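Single-letter residue listing:
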Amino acid sequence: MIKLFNRLILFFIPHLPLFFVRFVAGRYVAGESCEEAFEVVRKLNAKGFMATIDILGEHTRTKHTAFMITQKYCELFDAIKRRKLDCNISVKPSHIGLDIGEQILRENLLKLVGKAAESGNFLRIDMENSKTTDITLKLADECLAKYDSVGTVLQAYLFRTEDDLKERVGPKLNVRLCKGIYRESPDIAIQDRHEINKNYLKVLKYLFDHEGYVGIATHDLVLLKDCLHLIRDLKVPSDRFEFQVLYGVPMSGWLEKLIKMKYKVRVYVPFGPEWYAYSIRRLQENPNIVGYIFNNLFRRA
Ligand SMILES: Cc1cc2nc3c(=O)[nH]c(=O)nc-3n(C[C@H](O)[C@H](O)[C@H](O)COP(=O)(O)OP(=O)(O)OC[C@H]3O[C@@H](n4cnc5c(N)ncnc54)[C@H](O)[C@@H]3O)c2cc1C
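Residues numbered from 1 in each chain as written. Predicted model: local features only at pLDDT ≥ 70, side-chain atom pairs only at ≥ 80, totals over all residues.

Colleague: Is there a simple way to think about the site of the ligand in this case?
Modeller: Every one of the 24 residues lining the ligand counts as a neighbour, but C178, I181, T218, H219 and Y292 are closest to it. Looking at the shell around the ligand residue by residue, the classes come out as 13 nonpolar, seven polar and four charged. (Near = placed C-beta within 6 Å. Nonpolar A, V, L, I, M, F, W, Y, C, P; charged D, E, K, R; others polar.)

Colleague: Sorry, what's going on with the nonpolar core here?
Modeller: Core analysis: the largest hydrophobic core is formed by 70 residues, its most contacted members being V41, I53, L123, L177, L204, V267 and V269. Sequence-distant contacts of L123, defined by excluding residues within four places in its chain, comprise N88, I89, V91, L112, V113, A116, S149 and V150. (Core = buried A, V, L, I, M, F, W, Y, C linked by C-beta atoms within 7 Å. Buried ≥ 20, exposed ≤ 12 C-beta atoms within 10 Å, placed from the backbone. Contact = placed C-beta atoms within 7 Å.)

Colleague: What am I meant to see in the packing of helix α8 (residues 193–209) against helix α9 (residues 221–233) here?
Modeller: A packed helix pair is summarised by two numbers, namely the angle formed by the two axes and the spacing between the axes. Between α8 and α9, whose axes approach to 11 Å, the crossing angle comes to 25°. By the angle between their axes, α8 is roughly parallel relative to α9. Of the two elements, α8 crosses α9, and the hand of that crossing is right-handed. For the pair formed by α8 and α9, the contact residues are N197, Y200, L201, L204, K205 and F208 on the first element and L223, D226, C227 and L230 on the second. Partitioned by chemical class, the residues of the contact of α8 with α9 number seven nonpolar, one polar and two charged. (Axes fitted to C-alpha atoms, helices over the stretch in contact; angles between N-to-C directions. Helix = DSSP H or I, 4+ residues; strand = E, 2+ residues; numbered from the N terminus. Parallel < 35°, antiparallel > 145°, perpendicular 65-115°, else oblique. Left-handed = near helix turned anticlockwise from the far one by under 90°.)

Colleague: I'm lost on helix α7 (residues 161–168) in this one. Help?
Modeller: An α-helical turn contains 3.6 residues, so any two residues separated by three or four positions project in the same direction. All of the buried residues in α7 are T161, L165 and R168. For α7, the angular spread of the buried residues around the axis is 70°, confining them to a single face. Residues of α7 that are exposed and point over 90 degrees away from its buried face: D163, K166 and E167. Contacts from the buried residues of α7 go to β4 (150–155) and α8. (Arc of directions from axis to C-beta.)

Colleague: What am I meant to see in the pairing of strand β5 (residues 174–178) here?
Modeller: If a strand is regular, its side chains alternate between the two faces of the sheet. For β5, a buried count of four out of five residues is recorded, marking the element as mostly surrounded by other parts of the structure. Summarising the sheet, β4 and β5 pair through four bridges and their orientation is parallel. Bridge pairing links V153 to R176 in β5. Between the parallel elements β4 and β5, the chain passes through α7 in a crossover that is right-handed. (Pairing = 2+ DSSP bridges. Right-handed = clockwise from strand over helix to strand, strands pointing away.)

Colleague: It is not clear to me how the environment of R124 should be interpreted in this structure. Could you clarify?
Modeller: Mapped onto the secondary structure, R124 falls in strand β3 (residues 123–125). Dropping the residues within four chain positions of it, R124 is found in contact with T52, N88, S90, G151 and R176.

Colleague: Can you help me understand the sheet that holds strand β1 (residues 50–55) in this one?
Modeller: Backbone-to-backbone hydrogen bonds join strands into a sheet, with any given pair of strands oriented parallel or antiparallel. Taken together, the eight strands give a closed barrel; going around it, the order is β1-β2-β3-β4-β5-β6-β7-β8, and neighbouring strands pair in parallel fashion. This sheet shows a mean twist of 30° between the axes of neighbouring strands, independent of strand direction. Taken together, the six bridges between β1 and strand β8 (residues 265–271) define a ladder with parallel strand orientation. The residue bridging T52 from the neighbouring strand is Y268, located in β8.

Geometric values such as these leave the question of function open.
Next comes the structure, spelled out in C-alpha cells:
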C-alpha cells in the first residue's frame, strides 16, 4: 500500500510546477552554483559540522564531458582551500567516466586524488549500483596505493561487503559505511531492514576490531544508537570514525547531540544545475525515498 502511494506521488512529480519541486528539493540540494554550496558549507562549519560536497550528475557519456567535470572538481579543491572550509569532495564514478571506460575513469580519479593530496584534502569515491562495485573498489585500491587522500564506500546490504572489508582493513583504509541506496537482487543483497542493520553493525565491529577509519553514514536513529553503544563498549577512540548524514534529512536533534558529545559529523552537500534530472532518476530508481521526503516534511531537524 505504502509502495503504491510512493509510486503515485512519483507519477505526479513531473506534472508539478517546477517552483514547488524546487521548494521541496531545496531542502536536500544546496543550489545550482558552487557559491551556493560554499555558503551552505560555511554555515555548517560555523555550527561545528564538517562537509563533503558533490556535483549532482551521473552517467556521463563523452570523454570530453567527463574531463570537464573532473576539471570542475579540481577547481572545487582549490576554492575549498582558498576559503579555508572544512570540506572534502565526494564523486560518483559514473559522473567522471565509468560508463565510457575503465581507463578514462582511472585517469580522472588519479587526477582528482592527486589534486586532493596537493590541496591537503580528501576524495570520497561514492559507490553506485552493484554492477560497479568491482571496478570502483579496484580503482579505489589503485588510487590508495599512490596516495592516502582517498577512500570509497561499502554498502551493508551487499553480501560481499564483509569480505570486501576484510581484504582491505589496514591503517590507510578510510571507508564510508552506508546501507546502500540502489535496488539490488536478493541473490546478492540482504532485503530485510533488520538484517541489513545487523550486517552494518557486524561490518562496523570488524573494522573497529582491526585498523582503519570509518564514516558512519546513516539517518536511522535505531542504528545510530546501536553504533554509539558499540563505540562505547569497544572504547573506540574518536579519531577512528566520524558520523555522516545527507544535507536536509531531519535527525530529531541528534546531530547537535553528537557534536556536544565531541564526535565529528560530516554533512553531504549535493549541488549543481543537474539537480532536477538527477533527483527524478534517483526517485524513480528507489520510490521509497518519495515516502521519506513526504514524511520529512512533517519532522523536525
Ligand atoms: C553521507 C551519506 C552518503 C551516502 N553515500 C552513499 C553511496 O555512496 N552509495 C549508496 O549506495 N548509498 C549512499 N548513501 C545512502 C545510504 O546507502 C542509504 O540508502 C540511506 O542513507 C538510507 O539509509 P539510512 O541508513 O539513512 O536508514 P533508513 O532507515 O533507510 O532511513 C532512516 C530515515 O532517514 C531518512 N532518509 C534516509 N534517506 C533519505 C533520503 N535519501 N532522502 C530523505 N530522507 C532520507 C528518512 O526519514 C528515513 O526514515 C549515503 C548516505 C549518507 C548518509
